[in-house]
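Observations on the model geometry
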Amino acid sequence: EDQVTQSPEALRLQEGESSSLNCSYTVSGLRGLFWYRQDPGKGPEFLFTLYSAGEEKEKERLKATLTKKESFLHITAPKPEDSATYLCAVQAADTGNQFYFGTGTSLTVIP
Amino acid sequence: DSGVTQTPKHLITATGQRVTLRCSPRSGDLSVYWYQQSLDQGLQFLIQYYNGEERAKGNILERFSAQQFPDLHSELNLSSLELGDSALYFCASSSSPVNTGELFFGEGSRLTVL
């Protein structure tokens with residue numbers, strides 16, 4: 001059973017068209033949920049850490065939120081440079097405190 | 001630039017062969033993590049070292065091994081290679097012995113097994 005599921009797999013947005021990416025998880029004893037951005041041919045780049053339900057973090061046009069079952073990455077008025085794959089990872093007591101990554105959402109922002 | 005250096009960037013080899021991937025962590029980081037990224041499975045945690053000692057093990061095959069040297073660079077050895085080992089191998093580093101969430105990833109080594 002997948003511990004982390006991201007949706008949609010791919011998303012195409014017009015520049016300025018806001019949307020949300022979803023990361024749902026089934027682990028027990030969540031220690032943290034993390035968002036990373038990965039550009040083609042590059043390693044993932046850390047964006048946010050969320051620790052508890054209700055927590056929110058913001059960075060430029062991105063805002064990450066967390067509930068007891070899922071996290072959302074909201075993208076407001078995206079620009080073409082926001083095009084990337086966004087990865088979600090969870091760390092929990094039943095994952096040996098290691099990260100388990102989802103397969104990501106590939107975002108394309110069209111000018 | 002994350003400060004993590006991985007070599008080689010690309011590697012093509014044949015089934016049954018052995019390869020070594022190298023990682024230099026960010027200056028001052030004592031933890032090194034190895035991840036495998038394949039198209040259908042996403043990033044899979046393989047192994048973590050902290051200051052030369054193995055700290056945590058994930059889904060690492062017995063054909064794979066790793067070590068961290070006194071100068072803190074790490075090597076991932078892959079032997080008896082199979083077609084399914086073709087993937088991107090990432091190294092990441094952090095300053096903490098515990099995975100706190102903020103990992104700094106290198107650009108990866110792309111392994112192709114023919």
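Residues numbered from 1 in each chain as written. Chains lettered and ligands numbered in written order. Predicted model: local features only at pLDDT ≥ 70, side-chain atom pairs only at ≥ 80, totals over all residues. Heavy atoms only, no water.

**Some points on the overall build of chain A**
Each helix and strand in chain A was counted, giving 0 helices and 11 strands. Counting from the amino terminus, helix and strand elements in chain A follow one another as β-β-β-β-β-β-β-β-β-β-β. Here the C-alpha atoms of chain A give a radius of gyration of 13 Å, agreeing with the 13 Å that 2.2 N^0.38 yields for 111 residues. When burial is assessed residue by residue, chain A has 46% of its 111 residues classed as buried. In chain A, once contacts between residues fewer than 6 apart in sequence are set aside, the share between residues at least 24 apart is 56%. Seen as two clouds, the 11 positive and the 15 negative side-chain charges of chain A have centres 4 Å apart. (Helix = DSSP H or I, 4+ residues; strand = E, 2+ residues; numbered from the N terminus. Rg over C-alpha atoms; globule rule 2.2 N^0.38 Å. Buried < 20%, exposed > 50% of the residue type's maximum accessible area, 1.4 Å probe, protein only. Contact = heavy atoms within 4.5 Å. Lys, Arg positive; Asp, Glu negative; His and termini not counted. Charge placed at Lys NZ, Arg CZ, Asp CG, Glu CD.)

**Quick look at the pairing of strand β6 (residues 56–59) of chain A**
Residue and element names in this part refer to chain A. Examined bridge by bridge, β6 and strand β7 (residues 62–66) share 4 bridges and lie antiparallel to one another. Its bridge partner lying in β7, Glu 56 is registered against Thr 65. Here β6 hands over to β7 after 2 residues, with Glu 60 in that stretch at a positive phi of 55°. (Pairing = 2+ DSSP bridges.)

**Structural notes on the sheet that holds strand β8 (residues 74–78) of chain B**
All names here are of chain B. On the basis of which strands lie adjacent, the open sheet formed by 4 strands has the order β1-β3-β8-β7 and antiparallel pairing. The two strands at the open ends of the sheet, each matched to only one other strand, are β1 (5–7) and β7 (64–68). Here the strands of the sheet are splayed against their neighbours by 15° on average, with no regard to which way each runs. Sheet topology note: the strand β3 (residues 19–24)/β8 ladder contains 5 bridges and is antiparallel. Within β8, the residue paired with Arg 22 across the bridge is Glu 75. (Axes fitted to C-alpha atoms, helices over the stretch in contact; angles between N-to-C directions.)

**Considerations on the interface of chain B and chain A**
Of the residues lining the interface, 19 residues belong to chain B; the matching set on chain A comes to 16 residues. Between chain B and chain A, the buried area comes to about 1400 Å², and carbon and sulfur atoms account for 52% of it. In this assembly, chain B and chain A are joined by 1 salt bridge. In this assembly, chain B and chain A are joined by 3 residue pairs in polar contact (both at pLDDT 80 or more). Counting only elements with at least two residues in the side of chain B that touches chain A, the list comes to β4 (31–38) and β5 (42–50) of chain B. (Buried area = accessible area lost by both parts, 1.4 Å probe. Salt bridge = Lys/Arg side-chain N within 4 Å of Asp/Glu carboxyl O. Polar contact = N/O pair within 3.5 Å; in protein donor to acceptor, adjacent residues only side chain to side chain.)

**Comments concerning empty space enclosed by the protein**
One pass over the structure, following the stated rule, counts 1 cavity of 30 Å³ or more. Taken as a whole, the largest cavity encloses approximately 40 Å³ of empty space. Looking at the lining of the largest cavity, the elements with two or more residues in it are β10 (99–101) of chain A together with β5 of chain B. Counted by class, the lining of the largest cavity contains 6 nonpolar, 2 polar and no charged residues. (1 Å grid on protein atoms, 1.4 Å probe; cavity = no way out; pocket = protein on both sides within 12 Å on 5 of 7 lines; lining within 4 Å. Points joined across faces, edges and corners; volume = space filled by probe spheres on them. Nonpolar A, V, L, I, M, F, W, Y, C, P; charged D, E, K, R; others polar.)

**What to know about the state of the cysteines**
Residues and elements named next belong to chain A. On inspection of all chains with the given rule, the structure shows 2 disulfides over all chains. At a sulfur-sulfur separation of 1.9 Å, the disulfide partner of Cys 23 is Cys 88. Between Cys 23 and Cys 88 the sulfur-sulfur dihedral comes to about -50°; the bridge is accordingly left-handed. Placement of the pair is Cys 23 in strand β3 (residues 19–25) and Cys 88 in strand β9 (residues 84–92), with a sequence separation of 65 residues. Just as Cys 23 is buried, Cys 88 falls in that class too. (Disulfide = S-S within 2.5 Å.)

**Digging into the pattern of salt bridges**
Opposite charge on two side chains permits pairing when their charged atoms draw close. Residues and elements named next belong to chain B. What the rule picks out here adds up to 9 salt bridges over all chains. The residue Arg 63 makes a salt bridge to Asp 85 at a minimum N-O spacing of 2.8 Å. Remark: Asp 85 occurs in the loop between β8 and β9 (87–94) and Arg 63 occurs in the loop between β6 (53–57) and β7; sequence separation between them is 22 residues. In this structure, Arg 63 and Asp 85 share a single accessibility class: buried.

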